[in-house]
Protein chains: 2
Amino acid sequence: MAKAPVLTPQADDFPRWYQDLINKAELADNGPVRGTMVIRPYGYGLWERMQQDMDARIKSAGAQNAYFPLFIPQSYLTREAEHVEGFAPELAVVTHGGGKELDEPIVVRPTSETIINEYFSKWIQSYRDLPLLINQWANVVRWELRPRLFLRTTEFLWQEGHTAHATFEDARAYAARIHREVYADFMENVLAIDVVLGRKTAKERFAGAINTLTLEGMMGDGKALQMGTSHELGQNFAKAFNTQYLSKDSTQELVWQTSWGSSTRMLGGLVMVHGDDNGLRVPPRLAHVQVVVLAIKDDEAVVAKVREIGDTLRAAGLKVVVDDRTDTPFGRRAVDWELKGVPVRVEIGPRDLEAGTAMLARRIPGGKAPVAIDSLVSLLPTVLEEDQAQLLRESRERRTSRTVDVATIDEAAEAAATGWARIPWADLGPEGEAKLAEQGVSVRCLVAEDGSVPLADDAPGTIAVVARAY
Amino acid sequence: MAKAPVLTPQADDFPRWYQDLINKAELADNGPVRGTMVIRPYGYGLWERMQQDMDARIKSAGAQNAYFPLFIPQSYLTREAEHVEGFAPELAVVTHGGGKELDEPIVVRPTSETIINEYFSKWIQSYRDLPLLINQWANVVRWELRPRLFLRTTEFLWQEGHTAHATFEDARAYAARIHREVYADFMENVLAIDVVLGRKTAKERFAGAINTLTLEGMMGDGKALQMGTSHELGQNFAKAFNTQYLSKDSTQELVWQTSWGSSTRMLGGLVMVHGDDNGLRVPPRLAHVQVVVLAIKDDEAVVAKVREIGDTLRAAGLKVVVDDRTDTPFGRRAVDWELKGVPVRVEIGPRDLEAGTAMLARRIPGGKAPVAIDSLVSLLPTVLEEDQAQLLRESRERRTSRTVDVATIDEAAEAAATGWARIPWADLGPEGEAKLAEQGVSVRCLVAEDGSVPLADDAPGTIAVVARAY
């Protein structure tokens with residue numbers, strides 16, 4: 001008799017597989033208020049690792065963390081015309097506080113450009129104060145009509161960077177630095193997700209930006225996910241908030257700004273890139289549990305041994321959980337760790353103990369084989385690096401094999417049913433972009449032939465990458 | 001001519017000194033919405049260090065981090081009668097989302113007992129799921145009519161722990177463990193703040209708790225600050241949310257719960273305990289900047305040397321900033337670092353360089369003396385540990401010297417003008433407590449003669465510690 005699958009198979013219904021996995025791997029639950037989410041400990045552990053790694057990269061890029069208020073006076077948002085137009089439909093509004101109706105309604109931050117500029121305009125006096133490089137880890141709220149866990153939630157967690165510079169060139173270089181050194185490097189080398197770096201078209205730009213750099217990942221179903229963005233804001237917010245500095249030549253000048261963000265949405269990307277019909281597969285460099293050591297049976301010597309192995313592996317710098325909950329059947333526990341995507345399981349029963357071996361189950365390439373217990377410390381680091389490399393390779397292969405070069409809008413739309421299409425932007429243009437949008441297909445980004453990011457939409461040889469997107 | 005003081009002296013106007021220090025040391029600014037705050041990078045760096053240290057302690061106590069939504073349906077709060085009575089006057093309410101009026105108003109979380117119990121009741125099935133130990137780092141909102149930066153703000157940052165246990169005894173032991181191992185140990189050994197551990201009277205208890213454990217610190221003006229609390233919730237929320245488990249005997253039982261929190265308020269305590277008329281003094285174990293190495297003049301050899309010393313000290317594990325901003329006058333920079341309370345300044349000019357010495361300025365004991373540059377690596381760790389010990393000693397001496405044993409309510413009220421009073425709870429009681437309250441004096445906590453925490457208000461020999469409080 002065939003076992004009933006733990007999850008709806010991806011091939012049957014990808015969105016349902018996604019929802020199944022998130023619930024059964026205990027990553028998150030829907031919150032009681034529509035569109036909100038509860039991030040459960042296993043899912044939050046992944047987010048904590050993302051935070052730790054990204055935070056170090058952000059600090060290496062010279063930014064300092066700070067914290068700005070959740071509550072923004074509604075009037076702030078209206079100061080930058082495009083910005084308010086973009087965000088007004090998504091706002092949550094506080095009208096009552098402390099038992100009274102408020103004089104001015106308060107907006108729950110959807111992003112913090114406005115409130116941060118209010119303070120930048122006070123803090124920045126002279127060229128000596130520039131560049132001012134600030135980051136914050138925070139929750140933001142954008143009302144979602146079609147919520148999906150991690151991908152589109154009314155409240156989500158993110159980091160948002162906000163910087164002010166003396167020149168256009170310095171701001172542009174910093175936005176590009178974050179795009180590549182912080183985001184792309186983290187996504188490829190830690191999340192093991194292949195990303196395409198490009199610029200957004202005018203239609204897809206952040207509300208208030210003069211340029212938006214993006215990182216697009218291909219999900220398991222061939223759709224695209226925007227994994228992070230880095231914006232050049234030009235002087236739009238500086239004008240709206242009068243953010244000026246005294247130059248070396250004693251003239252008052254408006255600053256040039258950037259902002260950039262990445263969020264818990266990356267957790268959704270992680271699931272949709274690396275997950276399979278048995279659950280999640282967590283890249284070892286991200287994993288907060290790299291190895292689980294399981295006692296198969298309630299046997300005193302076995303339990304003592306798994307604990308000892310746990311200590312030894314931890315001392316060797318690995319992130320280890322010991323699972324000696326022998327009052328739960330072994331099979332159920334093994335399936336659960338598989339669902340959660342822990343890269344390596346070390347399984348030990350009485351017979352293994354006698355032979356001095358353990359069963360090594362590898363989640364990423366799959367398969368099980370006995371290994372000498374004494375070899376684990378030297379073996380596992382290599383195994384984990386192999387697994388990390390395999391995940392990135394698979395992600396890259398999926399993107400290259402499911403991306404096609406096309407010449408017409410119809411071909412592009414057709415290709416987007418199963419993957420991505422590349423079409424010269426000169427042949428597509430804003431009109432072709434609008435036509436594709438009618439069919440639910442968007443220009444994910446513009447790239448140059450050599451893989452670099454074009455400095456303008458109309459740079460010669462610019463290619464549009466088009467796809468359906470989350 | 002006497003120099004104008006940088007800050008309003010403490011003795012002239014303690015609240016104004018506090019506000020001055022927070023602004024001039026660049027710890028925080030008032031936010032635009034009444035009662036909110038902007039935590040600036042230097043202040044946020046202190047909070048990050050608090051988070052890192054506390055987070056490790058919380059995890060050592062077995063709790064895992066998770067994240068619950070900011071938005072709570074208003075109906076949840078009303079389920080526990082005392083809880084809603086306590087929090088209703090402080091709520092911020094969202095009535096509009098996505099451009100529409102909402103069917104049910106949403107509350108911005110003032111604390112998360114209700115929403116967390118909604119999920120605990122789903123997640124907890126059997127005794128095997130207990131204890132369930134959860135913590136979250138989050139922002140919360142409580143409408144403040146008399147806000148003061150860090151001490152009482154409409155929005156603040158905190159951690160809130162929420163746990164469920166099979167028995168009353170287990171819950172009680174866990175609340176006590178957090179109280180002592182996480183909070184008290186952190187406050188004394190990292191913040192260098194002497195705290196009195198006790199239980200709150202019924203009047204001062206958390207809304208919905210059966211017992212509240214507190215840690216009270218004495219500020220520089222002799223007033224008390226509640227630095228953190230750990231609550232036994234009994235089965236109050238379990239009843240309201242039907243949070244049950246199947247026992248080993250196959251009966252359905254309500255869980256026993258705890259919750260516990262500490263917040264950015266600790267930053268206010270840090271300032272009021274360790275600050276002096278020249279600014280903040282940061283305990284070295286907390287400091288994100290332990291040492292600043294200053295170039296006195298714009299001299300090539302000097303600048304090269306301070307950078308070299310910075311690298312050497314960093315390699316030795318110290319947290320170092322190199323200040324080579326020689327386009328700002330040295331005196332101004334020195335005053336600024338003093339305001340910020342960096343424990344050690346290493347100052348170097350051309351003459352020092354010639355002599356192979358640096359001027360070592362110590363913020364905590366005060367004073368300056370030349371030391372050999374080569375001795376810094378071996379000298380500074382000892383200096384910093386001395387400074388750490390001094391701050392705790394001063395904090396402890398202040399509390400003991402300004403606490404008096406009294407016999408009557410009038411004496412207690414009088415003593416509270418300048419410090420704390422201890423009076424037998426049997427002599428004071430709820431009626432005496434009410435009388436003191438009329439004079440702005442409260443029972444901060446109940447303690448036992450031997451310094452332990454009484455297990456009941458009416459335990460024999462219980463002493464009330466009374467004071468004015470922030």
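Scoring rules and cut-offs
Per chain, residue numbering runs from 1 following the sequence as it is written. Chains and ligands are labelled sequentially in the order written, the chains with letters from A and the ligands with numbers from 1. Per-residue local features of the predicted model are confined to residues with pLDDT of at least 70, and side-chain atom pairs are confined, for both listing and counting, to 80 or more; whole-chain, interface and lining totals are unaffected and use all residues. Derived side-chain values reflect all non-hydrogen atoms in the structure, with water molecules and hydrogen atoms excluded from consideration. UniProt positions are given in the numbering used here, feature names are shortened, and annotations may be inferred rather than shown by experiment. Using a 1.4 Å probe on the protein chains alone, a residue whose accessible area is under 20% of its type maximum counts as buried, one over 50% counts as exposed, and one in between counts as partly exposed. Numbering of helices and strands runs from the N terminus; a helix is a DSSP stretch of H or I covering at least four residues, while a strand is a stretch of E covering at least two. If DSSP finds at least two bridges between two strands, the strands pair. We call two residues contacting when some pair of their heavy atoms lies within 4.5 Å. The convention used is that axes are lines fitted to C-alpha atoms, helices contributing only their stretch in contact, and that angles between N-to-C directions extend from 0 to 180 degrees. Polar contacts, as used here, are pairs of N or O atoms within 3.5 Å; protein pairs need one atom able to donate a hydrogen and one able to accept it. Residues neighboring in sequence count only if both atoms are side-chain atoms. In superposing the copies, a least-squares fit is computed on C-alpha atoms, taking residues whose pLDDT is at least 70 in both. Throughout this description, the term salt bridge denotes a Lys or Arg side-chain nitrogen within 4 Å of a carboxyl oxygen of Asp or Glu. In this text, buried Ala, Val, Leu, Ile, Met, Phe, Trp, Tyr and Cys residues form a nonpolar core when linked through side-chain atoms within 4.5 Å. Per the annotation, domain bounds derive from an automatic or database assignment of domains.

Going by an unreviewed UniProt entry, chain A carries the name Proline--tRNA ligase and comes from Streptomyces polygonati. Under Subcellular location (unreviewed entry), UniProt gives the following word-for-word description of chain A: "Cytoplasm". In UniProt, chain A has this text filed under Function (unreviewed entry): "Catalyzes the attachment of proline to tRNA(Pro) in a two-step reaction: proline is first activated by ATP to form Pro-AMP and then transferred to the acceptor end of tRNA(Pro)."

Caption draft 1: Looking closely at helix α5 (residues 113-123) of chain B. Judged by how many residues are buried, α5(B) sits mostly within the fold: nine of eleven residues are covered. Among the residues making up α5(B), those that are buried are E113(B), T114(B), I115(B), I116(B), N117(B), E118(B), Y119(B), F120(B) and W123(B).

Caption draft 2: Structural detail: the pairing of strand β5 (residues 92-97) of chain A. For β5(A), the tally of buried residues reaches five of six residues, placing the bulk of the element in the interior. The pairing of β5(A) with strand β5 (residues 92-97) of chain B spans five bridges and is antiparallel. Directly across from V94(A), in β5(B), lies its bridge partner V94(B). Note that β5(A) and strand β6 (residues 100-108) of chain A share four bridges and pair antiparallel. Across the sheet, the residue bridging to H96(A) is E101(A), located in β6(A). Between β5(A) and β6(A), which pair antiparallel and follow one another directly, the connecting turn spans two residues, one of which, G98(A), has a positive phi of 60°.

Caption draft 3: Geometry of the environment of G198(B). All names here are of chain B. Relative to the helices and strands, G198 is located in strand β9 (residues 195-199). For G198, a relative accessible area of 0% corresponds to the buried category. With 250 residues separating them along the chain, G198 and A448 place their C-alpha atoms 8.1 Å apart. Beyond its immediate chain neighbours, meaning those up to four positions away, G198 contacts H179, T212, L213, T214, C445, L446, V447 and V453.

Caption draft 4: Representation of the sheet that holds β6(A). One open sheet holds the six strands; their spatial order is β4(A)-β6(A)-β5(A)-β5(B)-β6(B)-β4(B), and the pairing between them is antiparallel. The open sheet is flanked by β4 (71-73) of chain A together with β4 (71-73) of chain B, the only strands paired with a single partner. Across the sheet, the axes of successive neighbouring strands diverge by a mean angle of 45°, strand direction being ignored. Bridge analysis of β4(B) against strand β6 (residues 100-108) of chain B gives three bridges, and the strand direction is antiparallel.

Caption draft 5: Local environment of the environment of A389(A). Mapping A389(A) onto the fold places it in helix α12 (residues 376-401). Separated by 184 residues in sequence, A389(A) and R205(A) have C-alpha atoms that sit 33 Å apart.

Caption draft 6: Expanded view of the side chain of H274(A). All names here are of chain A. Along the polypeptide, H274 turns up in helix α8 (residues 265-274). Judged by relative accessible area, H274 falls into the buried class, the value being 1%. Polar contacts involving the side chain of H274 include one to the main-chain carbonyl oxygen of L191, which spans 2.7 Å. For H274, the residues in contact, after removing those within four places along its chain, are L191, A192, I193, R281, P283 and L391.

Caption draft 7: Quick look at the relation of the copies chain B and chain A. The transform that puts chain B on chain A rotates by 180° and translates by 0.0 Å along the axis, for an RMSD of 0.0 Å. Classification of the inter-copy transformation places it as that of a two-fold axis. Distance from the rotation axis, computed per C-alpha, reaches its smallest value in chain B at V94(B): 2.1 Å. The residues that chain B uses at the interface reappear at the interface of chain A in 100% of cases, marking a shared surface.

Caption draft 8: Quick peek at the pattern of salt bridges. Residue and element names in this part refer to chain A. This structure, assessed with the given rule, holds 66 salt bridges over all chains. Among the salt bridges present, the one from K368 reaches E347, with a minimum N-O distance of 2.8 Å. Taken together, the positions of K368 in strand β19 (residues 368-372) and E347 in strand β17 (residues 344-348) put the pair 21 residues apart, joining distant regions of the chain. Among the residues examined, E347 registers a relative accessible area of 1% and is labelled buried. A salt bridge links R422 to E449, with the shortest nitrogen-to-oxygen separation between them at 3.8 Å. Within this pair, whereas R422 is found in strand β21 (residues 420-424), its partner E449 is found in the loop between β22 (442-447) and β23 (463-467), the two being separated by 27 residues in sequence. Classification of R422 as partly exposed rests on a relative accessible area of 21%. Note on E449: relative accessible area 58%, which makes it exposed. Connected through shared salt-bridge partners, E188, D194, R396 and R399 make up one network.

Caption draft 9: Structural context of the nonpolar core. Core analysis: the biggest nonpolar cluster contains 68 residues, and L27(A) and L191(A) have the highest contact counts within it. With eight residues, helix α6 (residues 168-189) of chain A is the single largest residue contributor to this core. Counting contributing residues per domain, this core is built from domain 1 (14-274) and domain 2 (291-383) of chain A, each supplying no fewer than three. Excluding residues within four positions of it along the chain, L191(A) makes contact with M50(A), F186(A), M227(A), M266(A), L270(A), H274(A), P283(A) and L286(A). F150(B), L157(B), W337(B) and V453(B) belong to the second-largest nonpolar core, a separate cluster that totals 65 residues.

Caption draft 10: Region of the structure containing the sheet that holds strand β17 (residues 344-348) of chain B. Residue and element names in this part refer to chain B. Taken together, five strands build an open sheet; the order of strands is β16-β15-β17-β18-β19 and the sheet is mixed. Whereas interior strands pair on both sides, the edge strands pair on one side only; in this sheet they are β16 (320-323) and β19 (368-372). Averaged over all pairs of adjacent strands, the angle between strand axes in this sheet comes to 25°, irrespective of strand direction. In this sheet, strand β18 (residues 357-362) lies alongside β17 in antiparallel orientation, the contact comprising four bridges.

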